[in-house]
Number of protein chains: 2
Amino acid sequence: MTRVIRSVRTMTAWSLALHREGVVIGVVPTMGALHDGHRSLIRRARLSCDAVVVSLFVNPSQFGPGEDFSRYPRPTRADAALCREEGVDVLFMPSREAVYPQGFQTTVTVRELARRWEGAKRPGHFDGVATVVTKLFGLVRPHVAFFGQKDFQQSVLVRRLVEDLNLGVRIVVCPTVRERDGLALSSRNRYLTPVQRRSAPVLHEALQAGRTAILRGIRFGSQIGRAMRGVIETDPKVTVDYLAVCDPDTLEPLPRVTKSAMLLGAVRLGRVRLIDNLLVRLDGR
Amino acid sequence: MTRVIRSVRTMTAWSLALHREGVVIGVVPTMGALHDGHRSLIRRARLSCDAVVVSLFVNPSQFGPGEDFSRYPRPTRADAALCREEGVDVLFMPSREAVYPQGFQTTVTVRELARRWEGAKRPGHFDGVATVVTKLFGLVRPHVAFFGQKDFQQSVLVRRLVEDLNLGVRIVVCPTVRERDGLALSSRNRYLTPVQRRSAPVLHEALQAGRTAILRGIRFGSQIGRAMRGVIETDPKVTVDYLAVCDPDTLEPLPRVTKSAMLLGAVRLGRVRLIDNLLVRLDGR
């Protein structure tokens, strides 16, 4: 039985009571429109935690002007049903007013990690993410939080944030779940027209081409980048926002791959923006 | 017996163990150079908490360039002795490297409240305060934190921060402790030469003149400000940084006093900078 909690006070009280019992709490932070990627996070949380909270909050402060905040999908009934199916203990759905009450004026900023890639394309996005995650951890008091690798830069930033502010939450990053044709699951995939949907896997294919290039001995970031870009350019419906070869820890561009590389990509299909990534290791791990 | 803890991990582990026992933890955040003002905070903490932590950390990020970080007094033995005298349970003295390890890049910003008065005179100061207080609360996990009214803007900002980030710490603001001539106790008073020390109470006198003006029926902020400034100007050794009549909640300037007013002042005596404040209530509370 999934309990739906909307009050921030009730949420914190629920958690503090469990803390006193020694119960380990896991949280899966989401903006709803849950799919099998979220499902895999919930299942992973169930494996290592005694109680699982799914938070559902479409956070306005991480959307830029002109982005899809107002049209972001909000299929709340289906989300609640998925949580029940997966044995989630609490579905936490605070209102916008409860999260950002009148007079709210505090921002958490992670500097270097928020500057590049998604941060460069979406100014203010990561301030919104860092602030709402800090708040969520204050409200839910989880021991562990589960994030998907699909939003890799976000997961690195949250790890940094937790360490820098001593929030004491363990961050677990779970593998990206994909459609059979390789497209990474995303709540935004439902914006795609059937024609766009057929083109969408090209992003994953481009990242795989980058990996293949590395595994075949190409080491220069610029060359690997060209290999990825070449794949996207085969489809005129898809435009590149960025394709990057970077250090998996700092996310700084790698001029030359030595041990491992994180391949990051963002593309646009009409108004829809998709991101994906692939980690390549040369050290056999 | 006061336990000295320098390790951040040990600090958090100590607190979490007490949490499981239902022990209420109070923290008195300090930069050391403890005086009777800190002593009163510790005593207040002992009254309402089961365990009292005094943190001692001279936080570099809240000092501006050219400020007194390097010469800030660090009488650690005397500080430890005061903590023992007052029955403090833990004196938490983390190193700079433990608080800001390599790669640290996160800042907490409170916007409007940090803009005026001390914030305007000391750019970046309140970002440093907000960030280190957030970290301290993460490390110590207190139920209650005790701040002195002398740093009134800081206490308002910390209250806002705790609410905005859902940190779940109760903030108690304790009355300013003064010398017999009215000078507010401050670690920086020890910088004063004997001649400057004799002039220093003029700040408190100016604030009292502001209060007297209000209680005599003067309501315009500008007039009250002039009354305060007139007192400072009697002493050529003292220069005004700011003297303000403001709303006690928002700290915005009050053109006209209706219910209550916070009188804020900052002055300079040579290289020494002193601040003080006085709350005036017309509503009889």
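Residues numbered from 1 in each chain as written. Chains lettered and ligands numbered in written order. Predicted model: local features only at pLDDT ≥ 70, side-chain atom pairs only at ≥ 80, totals over all residues.

Colleague: Got a sec to walk through the domain arrangement of chain A? Specific residues and values, please.
Modeller: Residues and elements named next belong to chain A. Domain boundaries in chain A define domain 1 (3–174) and domain 2 (187–277). A C-alpha centroid distance of 26 Å is found between domain 1 and domain 2. Domain 1 puts 14 residues into the contact, and the matching count from domain 2 is twelve residues. Taken together, the elements giving at least two residues each to the side of domain 1 that touches domain 2 come down to helix H6 (118–121) and helix H8 (152–164). (Domains from an automatic or database assignment. Contact = placed C-beta atoms within 7 Å. Helix = DSSP H or I, 4+ residues; strand = E, 2+ residues; numbered from the N terminus.)

Colleague: A description of the interface of chain B and chain A should follow, citing residues and the corresponding values.
Modeller: Chain B puts 26 residues into the contact, and the matching count from chain A is 26 residues. Only helix H1 (8–20), strand S5 (106–110), helix H5 (111–115), helix H7 (125–140) and helix H8 (152–164) of chain B provide two or more residues apiece to the side of chain B that touches chain A. Tallying contributions element by element places S5 of chain B first for the side of chain B that touches chain A, with five residues. Classifying every residue of the side of chain B that touches chain A by side-chain character gives nine nonpolar, eleven polar and six charged. The pairing of strand S5 (residues 106–110) of chain A with S5 of chain B spans five bridges and is classified as antiparallel. Counterpart to threonine 109 of chain A in the pairing with S5 of chain B is threonine 107 of chain B. (Nonpolar A, V, L, I, M, F, W, Y, C, P; charged D, E, K, R; others polar. Pairing = 2+ DSSP bridges.)

Colleague: Tell me about the environment of leucine 243 of chain A, residues and numbers included.
Modeller: Residues and elements named next belong to chain A. Tracing the sequence through the fold places leucine 243 in strand S8 (residues 238–246). A sequence separation of 36 residues divides leucine 243 from leucine 207, and the C-alpha atoms of the two residues are 8.4 Å apart. Excluding its chain neighbours within four sequence positions, the residues that come into contact with leucine 243 are Ala206, Gly225, Met228, Arg229 and Gly265.

Colleague: Before we move on, could you go through the confidence of the model for chain A and cite the residues and values that matter?
Modeller: Model confidence for chain A is summarised by a mean pLDDT of 97, while 99% of its residues fall at 70 or above. Interface predicted TM-score (ipTM) for the complex: 0.96; the corresponding pTM is 0.97. (pLDDT = per-residue confidence, 0-100.)

Colleague: Tell me about the environment of arginine 20 of chain B, residues and numbers included.
Modeller: As for its placement among the helices and strands, arginine 20 of chain B is situated in helix H1. Not counting the four nearest positions on each side in its chain, arginine 20 of chain B is found in contact with Arg20 and Gly22 of chain A.

Colleague: Break down the pairing of strand S3 (residues 51–56) of chain B for me, citing the residues and quoting the values.
Modeller: All names here are of chain B. Buried residues dominate S3, accounting for six of its six residues. Alignment of strand S2 (residues 25–30) against S3, held across six bridges, turns out to be parallel. Note on S3: the bridge partner recorded for valine 27 is valine 53. Note that the unit made of S2, helix H2 (residues 36–48) and S3 has a crossover that is right-handed. (Buried ≥ 20, exposed ≤ 12 C-beta atoms within 10 Å, placed from the backbone. Right-handed = clockwise from strand over helix to strand, strands pointing away.)

Colleague: Tell me about the relation of the copies chain B and chain A, and name the residues and values.
Modeller: Mapping chain B onto chain A leaves a residual RMSD of 0.0 Å; the transformation is a rotation of 180 degrees accompanied by 0.0 Å of translation along its axis. Put plainly, the chains are arranged around a two-fold axis. By C-alpha distance to the rotation axis, the residue of chain B lying nearest is valine 108 of chain B, at 2.3 Å. In this assembly the copies share their binding face: 100% of the residues contributing to the interface of chain B also contribute to that of chain A. (Least-squares fit on C-alpha atoms with pLDDT ≥ 70 in both.)

Colleague: Can you break down helix H7 (residues 125–140) of chain A residue by residue, with the values?
Modeller: All names here are of chain A. The first and last C-alpha atoms of H7 sit 22 Å apart over 16 residues, in line with the 22 Å expected at 1.5 Å per residue. Burial runs high along H7: 14 of the 16 residues are buried. Two residues or fewer after H7 comes arginine 141, characterised by a positive phi angle close to 50 degrees. (Expected span 1.5 Å × (residues − 1).)

Colleague: Residues and numbers for the nonpolar core, please.
Modeller: Formed by 170 residues in total, the largest nonpolar core has its most connected members in Leu157 of chain A together with Leu157 of chain B. The contact partners of leucine 157 of chain B, leaving out residues within four places of it in the chain, are Val110, Leu113, Ala114, Phe126, Val129 and Ala130 of chain B. (Core = buried A, V, L, I, M, F, W, Y, C linked by C-beta atoms within 7 Å.)

Colleague: Explain the sheet that holds strand S6 (residues 144–148) of chain B residue by residue, including any values.
Modeller: All names here are of chain B. Overall, parallel pairing links the six strands, which are arranged S1-S4-S3-S2-S6-S7 in an open sheet. Edge positions in the sheet fall to strand S1 (3–5) and strand S7 (170–174), since each has one partner strand and no second. Put simply, the sheet's adjacent strands are angled 25 degrees from each other on average, direction ignored. With two bridges joining them, S2 and S6 adopt parallel strand pairing. For valine 27, the partnering residue across the bridge sits in S6 and is alanine 145. In the packing of H2 onto the sheet, the strands contacted are S2, S3, S6 and S7, and the crossing angle to S2 comes to about 170 degrees. Along the sheet face, H8 touches S6 and S7 and points at about 170 degrees away from the line of S7. (Axes fitted to C-alpha atoms, helices over the stretch in contact; angles between N-to-C directions.)

Colleague: An account of the packing of helix H10 (residues 202–215) of chain A against helix H11 (residues 221–232) of chain A is requested, with residue identities and associated values reported.
Modeller: Residues and elements named next belong to chain A. Remark: H10 packs on H11, axes separated minimally by 8 Å, with the N-to-C direction vectors making an angle of 150 degrees. The angle between the axes of H10 and H11 places the two elements in the roughly antiparallel class. Between H10 and H11 the crossing geometry is right-handed. Only Gln223, Ile224, Ala227, Met228, Val231 and Ile232 of H11 make contact with H10, whose side of the interface consists of Val202, Glu205, Ala206, Leu207, Ala209, Gly210, Ala213 and Ile214. A class-by-class count of the residues in the contact of H10 with H11 yields eleven nonpolar, two polar and one charged. (Parallel < 35°, antiparallel > 145°, perpendicular 65-115°, else oblique. Left-handed = near helix turned anticlockwise from the far one by under 90°.)

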